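# Commentary on secondary and tertiary structure
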2 protein chains.
Amino acid sequence: MKSDKISESTTNRLSIYLRCLKAVAASGATTVSSKALADDFHLNSAQMRKDLAYFGEFGVRGLGYSVDTLCDHLTKILGLDKEHRVAIMGAGRLGTALADYYGFRRANFTVTALFDNDREKIGTRIGEVKVLDAKNFAATVKRDNIELAVIAVPASCAQMVFEDIVAAGIKAVLNFAPAALRKSSSDVKLKTVDLTTSLESLSFFLAQPAKQNSTNRKRKTKGGRNTAK
Amino acid sequence: MKSDKISESTTNRLSIYLRCLKAVAASGATTVSSKALADDFHLNSAQMRKDLAYFGEFGVRGLGYSVDTLCDHLTKILGLDKEHRVAIMGAGRLGTALADYYGFRRANFTVTALFDNDREKIGTRIGEVKVLDAKNFAATVKRDNIELAVIAVPASCAQMVFEDIVAAGIKAVLNFAPAALRKSSSDVKLKTVDLTTSLESLSFFLAQPAKQNSTNRKRKTKGGRNTAK
DNA sequence: TGATGTGAAGCGGTTCACAGCC
DNA sequence: GGCTGTGAACCGCTTCACATCA
């Protein structure tokens, strides 16, 4: 009921619950129990109930959850009932790939513009989206009501770009640059997706002696590890 | 000393330490203390010492760490002293963007090939990298000694592709598809980067009443939150 | 003196197990 | 009977604080 102090692991999982529920809805079921969902998508049923309990009592004891109403609740909780406008900083490979990433549209995000300072790129189009001069960023944010920015520039200029973003009044930032950005005001939410770190973490795993044998592990409802982290 | 039971948070941070150390090395310093590093890159000094302690005693009391030797140690620990060969599954926007992602090369990863089953794409080139027929995947893995696979296909076929990857004997997988993949054998390391979830988590933040005021927080050595999660 | 390495305390998230309600 | 909602136990990572050593 009190949506205070929700951990990031919880919000990540909410997103996953919604995805799973949509799959269930597509299969035609109208009601689902936490256990059934957990089994089908290898989640943890107790954890799911606890996550949902932060926001209300959506279930019916002895029965489970109504698929549709829970979908609606989660959509609203995650703020996906309203459109969010997005700017992408950097029109390189990654920026342009993101510009027509289907997931944006699916989640009610609209990429309004790409920003770059390369004269060659400014004025071109990626699908429907124009590449604009980074100089006009702040003005465009105001005019187009942009709420979210994606950093897809090289690490060397990421900090500078981040400060411009904050200065323009944007409160949510998704960062792809492999750099630890310093945030001055803490009412800005910064989420970093660090491919280098992910990659090197996998490399670490490959470098290990690979001593684990896959057969002698607990194998109950749990199955895989939780996906959200 | 015992490199057993290293948590993922720790390996992620090791990667970040290495990055920071390289920046320090570039600045010309030859020695650095955990506190100095922590201050400059807003890390936690105690945590860094503890992370390193899993692997040995690299520091000198009263002095700190030798930048070069610690770099070498971390490079070896993360397995970055050996080249790793990578296959990317899916030659869509994301796959092709990743194919010439600079971070791969920097971290001693070599993208050997892209795989797709679209006749239109097979045979084309993305920079230096050829797009091959997914049918030849297993054979190519053997021939080219591919150790790591990246999933950049739509969610609907991700599970199938993942199973092919595991069947081909690959032990480390980076998944970009918004899908919870089931792994049968647990000696495969699967790391998922879920853009949809990241995005929706930011949306959740935007949907909150924004009650926090940024001024009344502890502000000591800690500064920002830890970057690795 | 200064900075490492580390036991111990602290804390937050996960899992358990059961009371409560349909 | 079945399944939710939730206090309590549990667990692992983080932080503290200090003994230890150059």
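Data block above holds the structure.
## Concerning the interface of chain A and chain B
Taken together, the contact pairs 74 residues of chain A with 73 residues of chain B. With both sides pooled, the region where chain A packs onto chain B buries about 6300 Å², and carbon together with sulfur makes up 63% of that total. The interface formed by chain A and chain B includes 4 salt bridges. Arg93(A) is the partner of Asp100(B) in a salt bridge, and the nearest nitrogen-oxygen pair spans 3.1 Å.

## Considering unusual backbone geometry
Keep in mind that most residues, glycine aside, have a negative phi and that most peptide bonds are trans. In the Ramachandran plot, His42(A) falls in the positive-phi region, its phi being about 30 degrees despite a non-glycine side chain. Here His42(A) shows up in the loop between helix H2 (34-41) and helix H3 (45-53). You will see that Asn145(B), though not glycine, has its phi angle at about 60 degrees, which is positive. Within the fold, Asn145(B) resides in the loop between helix H7 (137-144) and strand E8 (148-151). For Asn145(B), a relative accessible area of 57% translates into the label exposed.

## Some remarks on the packing of aromatic side chains
Per the counting criterion, the structure on display carries 8 aromatic pairs over all chains. Seen in terms of ring centroids, Phe204(A) and Phe55(B) are 6.1 Å apart; in terms of plane orientation they differ by 85 degrees. Their pairing is edge-to-face. A residue pair is termed interchain when its members come from two chains, as with Phe204(A) in helix H9 (residues 195-207) and Phe55(B) in the loop between helix H3 (45-53) and strand E2 (59-60). Just as Phe204(A) is buried, Phe55(B) falls in that class too.

## Brief notes about the sheet that holds strand E3 (residues 64-66) of chain A
Residue and element names in this part refer to chain A. One open sheet holds the 3 strands; their spatial order is E1-E3-E2, and the pairing between them is antiparallel. Strands with a single pairing partner mark the edges of an open sheet, and in this sheet they are strand E1 (31-32) and strand E2 (59-60). Alignment of E2 against E3, held across 2 bridges, turns out to be antiparallel. Following the sheet pairing, Val60 is matched in E3 by Gly64. Its contacts with the sheet place helix H4 (residues 67-77) against E1 and E3, and it is angled at close to 75 degrees to E3.

## Thoughts on helix H2 (residues 34-41) of chain B
Residues and elements named next belong to chain B. Looking only at H2, the buried set comprises Ser34, Leu37 and Ala38. Burial along H2 is one-sided: seen end-on, the buried residues are contained in an arc of 100 degrees. For H2, the secondary structure elements touched by its buried residues are helix H1 (8-26), strand E1 (31-32), H3 and strand E3 (64-66). Two residues or fewer after H2 comes His42, characterised by a positive phi angle close to 35 degrees.

## Considering the relation of the copies chain A and chain B
One copy of the chain maps onto the second through a rotation about an axis and a displacement along it. Mapping chain A onto chain B is achieved by rotating through 180 degrees and translating by 0.0 Å along the same axis, at an RMSD of 0.0 Å. Read as a symmetry element, the transformation amounts to a two-fold axis. When you check the interface residues of chain A against chain B, 99% turn up at the interface there too, and the contact is symmetric in its surfaces.

## So, the pairing of strand E5 (residues 109-116) of chain A
Regular strands have side chains that alternate between both faces of the sheet. Residues and elements named next belong to chain A. Among the 8 residues in E5, 7 count as buried, and that is most of the element. Inspection of the sheet shows E5 paired to strand E7 (residues 129-133) by 3 bridges, in the parallel sense. Looking at the pairing, Asp116 lines up with Asp133 of E7.

## As for helix H9 (residues 195-207) of chain B
Residues and elements named next belong to chain B. With 13 residues, H9 should reach 18 Å at 1.5 Å per residue; the first-to-last C-alpha distance of 18 Å fits that figure. Most of H9 is tucked away, with 11 of its 13 residues classed as buried. Within H9 the residues assigned to the buried category are Leu195, Thr196, Thr197, Ser198, Leu199, Glu200, Ser201, Leu202, Ser203, Phe204 and Phe205. Where H9 begins, one side-chain oxygen reaches toward the backbone nitrogen of Thr196, 3.2 Å away; that side chain belongs to Asp194.

About the thresholds
- Residues numbered from 1 in each chain as written.
- Chains lettered and ligands numbered in written order.
- Predicted model: local features only at pLDDT ≥ 70, side-chain atom pairs only at ≥ 80, totals over all residues.
- Heavy atoms only, no water.
- Contact = heavy atoms within 4.5 Å.
- Buried area = accessible area lost by both parts, 1.4 Å probe.
- Salt bridge = Lys/Arg side-chain N within 4 Å of Asp/Glu carboxyl O.
- Helix = DSSP H or I, 4+ residues; strand = E, 2+ residues; numbered from the N terminus.
- Buried < 20%, exposed > 50% of the residue type's maximum accessible area, 1.4 Å probe, protein only.
- Phe/Tyr/Trp six-rings, centres within 6.5 Å; stacked < 30°, edge-to-face > 60°.
- Pairing = 2+ DSSP bridges.
- Axes fitted to C-alpha atoms, helices over the stretch in contact; angles between N-to-C directions.
- Arc of directions from axis to C-beta.
- Least-squares fit on C-alpha atoms with pLDDT ≥ 70 in both.
- Expected span 1.5 Å × (residues − 1).
- Polar contact = N/O pair within 3.5 Å; in protein donor to acceptor, adjacent residues only side chain to side chain.

None of this, on its own, says anything about what the molecule does.
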